Every structure is written in C-alpha cells, then in structure tokens.
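Single-letter residue listing:
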Amino acid sequence: MMRGRKNLAIAVRRAPNDIVLETQMISSIAERYPFLKWPVLRGFIALVEAMVIGVRALTYSANQVVEGEGQGESIGPWEMAFTVAFSLGMGIGLFFLLPAGLAHLLERYATNAAWQNLIEGIFRITIFLAYVVGISFLKDIQRVFQYHGAEHKVIHTYEAGEALTVENARKFSTLHPRCGTSFLLVVMVISILVFSLLGKTTIWIRLLSRIVLLPVVAGLSYEFIKAAGRHQNNPVMHILSLPGMWLQKLTTREPDDEQLEVAIRALNKVLETEEGVESIN
C-alpha cells in the first residue's frame, strides 16, 4: 500500500500475471477541525486514521486473495473490525498492562518509582522484541516482511529521483526512517519517560494510566518520528533514529522482483493522481 496526500493505492498480486489495483480517496478530520493539527494531538489523530486506513487495506487485499483462489467467502467489514479491535486490545494488554503488572510484582525490590518505571520499560521492550522475533519465524509473516521491504525500496527509489523500475529499486535499502516499526520502538521508549512523571501509584492507577496516557505517548512519538525523518542529516537525530532502523532488520526482508513490481504499481498509481508521497505504510 502506498499513501499520498489525498489518495492511497493498494496493489495485490492475485495470480502470477494478475496484479489488481484499488485507489481510494483519503481525508483527515483535521482538515475540518484545525485544532487537531496541534503538535502531539495530531500524532494521535494520525495514528487512529492510519489504523482505519489499514483496516480498509487489509479487507481489500484479503478479499482479493480469496477471490483469486476461488475459495471461501469474502471478509466483511464487521469481521475485519472485530479482528482489529481484538488485536488492539491484545496489544495494549501484552505491551502495556502486562509489563506494568510484572513491574508491580517487583515493587518490594525496587521501591523507588523511577526504578519501577524503568523496570516496566525494560519488560515492555523485551516482550515487544520477543514478539517480533517470534512471529518472524512464521512463513506468512516472512512474506509480509518481504512486501514491507519492497515498499521501502521503492520509496527510496522515488525519493532518489530515479525511474521506478525493478532494476533501480533492487539496490536500495529495505530500511526507512519513517517506518512504522521505528514508531513502535519510539513508543516503547517514550512511554518510560511519560509514565515516570506519575510517580509511585497503586497497581490499579498504574494500569489505568497506561491506557489513558497512551494517546499522549503516541502523539509524542509521532512528533519524534516526524522530526527524525525531516532532520536525518542532523548527527544527534541520526543517532537517536538508529535503534528503530536496527529493529527494521527484523520486520523487513529482501523482496523478490515480483514483490518489487507490486510496490511499484501501487506507487505509480498514487503518482497518477497527485504529486509527491507523504508517507509509507
């Protein structure tokens, strides 16, 4: 999937010689309510809208594969919405509530609030890395990671001003500073800083705060990623961005030529309707 300012394009290889394309118009609620463009708040809005777009893209691509194989029924919007809602709940529980609970169990050994939050952050990052490594062994996920790498290579090709061909895209890196993987790692780190401001709390306040403050953490993380992508030539920003880039080595794989072709078709479709590409997914 490639996203521009006003449109997105989804390309799906339904058969060896059949790539189907879908173009959808997108608009942000912030266009109607300018205050939603304020720093930090705009990051949370962007995250919610990205999730909505992701659901639409997943529904379309999954249905195209089902139709191409001629098996089963299409996935309805309610089924996909339930799946995403369940996954979101599991994500919050696994990466935010579980680390908070584990850190609370060690409260007798780390009575200082700062140490408790640091331990919680270490648990959070460890669980996240273990999860990414674990799913990377799944065959279907490995293919997803290859397409992820294809998107990055094609975006690099476009940003370098080169013709969008498979040959040109091959030579570029599968890593990209504006990747969502980097965003997730930044969320993990920023959460340590934000939650530390609360001081020592009861276990129930601790768990509730992890949910309530998640929009703040997401908004601050968005601002960092945005600044990092804009100032990659800044040595400090470059160093701070490195961990996220390293993590992409787990979430991207070298794509084959057919996967690069799909990514190129999607980007070309976006460029047919507007100039410039705002972000990648």
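Residues numbered from 1 in each chain as written. Predicted model: local features only at pLDDT ≥ 70, side-chain atom pairs only at ≥ 80, totals over all residues. Heavy atoms only, no water.

Visitor: Looking at this structure, I do not really get the overall build of the protein chain. What am I missing?
Guide: Across its full length, the protein chain carries 10 helices and 4 strands. Each helix (α) and strand (β) of the protein chain, taken in turn from the N terminus, gives the series β-β-β-α-α-α-α-α-α-α-α-α-α-β. Relative to the globule expectation of 19 Å for 281 residues, the C-alpha radius of gyration of the protein chain, 20 Å, shows essentially globular dimensions. Overall, the protein chain is about 60 × 50 × 40 Å in size when its C-alpha atoms are taken along their principal axes. Residues counted as buried form 42% of the 281 residues belonging to the protein chain. The contacts in the protein chain between residues at least 6 apart in sequence include a share of 67% that link residues at least 24 apart. Carbon and sulfur atoms form 65% of the exposed surface of the protein chain, whose accessible area is close to 15500 Å². Within the protein chain, one finds 26 positive and 25 negative side-chain charges whose respective centroids are separated by 9 Å. (Helix = DSSP H or I, 4+ residues; strand = E, 2+ residues; numbered from the N terminus. Rg over C-alpha atoms; globule rule 2.2 N^0.38 Å. Buried < 20%, exposed > 50% of the residue type's maximum accessible area, 1.4 Å probe, protein only. Contact = heavy atoms within 4.5 Å. Areas by Shrake-Rupley, 256 points an atom, 1.4 Å probe, with all protein chains shown as cover. Lys, Arg positive; Asp, Glu negative; His and termini not counted. Charge placed at Lys NZ, Arg CZ, Asp CG, Glu CD.)

Visitor: What should I look at first to understand the pairing of strand 2 (residues 7-15) in this one?
Guide: Along any regular strand, the residues point their side chains to alternate faces of the sheet. Taking burial as the measure, the 9 residues of strand 2 include 7 buried ones, the bulk of the element. Remark: 3 residues form the turn of the hairpin made by strand 1 (residues 2-3) and strand 2, two consecutive strands paired antiparallel. In this sheet, strand 3 (residues 18-25) lies alongside strand 2 in antiparallel orientation, the contact comprising 8 bridges. Pairing of alanine 9 across the sheet is with threonine 23, part of strand 3. Taking the residues between adjacent antiparallel strands as the criterion, strand 2 and strand 3 are bridged by 2 residues. (Pairing = 2+ DSSP bridges.)

Visitor: I tried to follow the nonpolar core on my own but got confused; where do I start?
Guide: The nonpolar side chains of a soluble globular protein tend to be buried with one another. Phe95, Phe96, Phe128, Val194, Phe195 and Val217 are the most contacted members of the largest nonpolar core, which totals 20 residues. Within the residue set of this core, elements represented by two or more residues are helix 2 (77-105), helix 3 (113-135), helix 6 (180-196) and helix 8 (214-230). By residue number, the principal contributor to this core is helix 6, which donates 8 residues. Residues in contact with phenylalanine 96, not counting those within four places in the same chain, are Gly91, Glu120, Arg124, Val187, Ser191, Phe195, Arg210 and Leu214. Of all hydrophobic cores here, the second largest spans 17 residues; its members include Ala11, Ile19, Val166 and Ala169. (Core = buried A, V, L, I, M, F, W, Y, C linked by side-chain atoms within 4.5 Å.)

Visitor: Looking at this structure, I do not really get the side chain of histidine 156. What am I missing?
Guide: By the element assignment, histidine 156 lies in helix 4 (residues 139-159). Histidine 156 gets classed as buried once you look at its relative accessible area, which sits at 18%. Residues in contact with histidine 156, not counting those within four places in the same chain, are Phe172, Ser173, Leu175 and His176.

Visitor: Help me understand the environment of isoleucine 239, please; the structure alone is not making it clear to me.
Guide: Within the secondary structure, isoleucine 239 is located in helix 9 (residues 235-251). Measuring from C-alpha to C-alpha, the distance between isoleucine 239 and alanine 228 comes to 9.8 Å, with 11 residues separating the pair along the chain.

Visitor: Looking at this model, I keep getting lost on a nonpolar patch on the surface. Mind explaining?
Guide: Residues Ile29, Tyr33, Phe35 and Trp38 make up a contiguous nonpolar surface patch of about 430 Å² in total accessible area. Relative to the helices and strands, phenylalanine 35 resides in the loop between strand 3 and helix 1 (41-69). (Patch = residues over 30% accessible without salt bridge, like charges linked within 9 Å, V, L, I, M, F, W, Y side chains within 5 Å. Salt bridge = Lys/Arg side-chain N within 4 Å of Asp/Glu carboxyl O.)

Visitor: I keep staring at the UniProt feature "transmembrane region" (unreviewed entry) in the protein chain and nothing clicks. Help me out?
Guide: UniProt annotation of "transmembrane region" (unreviewed entry) refers to residues 80-101, 121-138 and 179-198 when read in the numbering used here. Helix makes up 100% of residues 80-101 and strand 0%, with an end-to-end C-alpha separation of 30 Å. Regarding residues 121-138, the helix share stands at 83% and the strand share at 0%, and the terminal C-alpha atoms are separated by 27 Å. (UniProt positions renumbered as here; feature names shortened; annotations may be inferred.)

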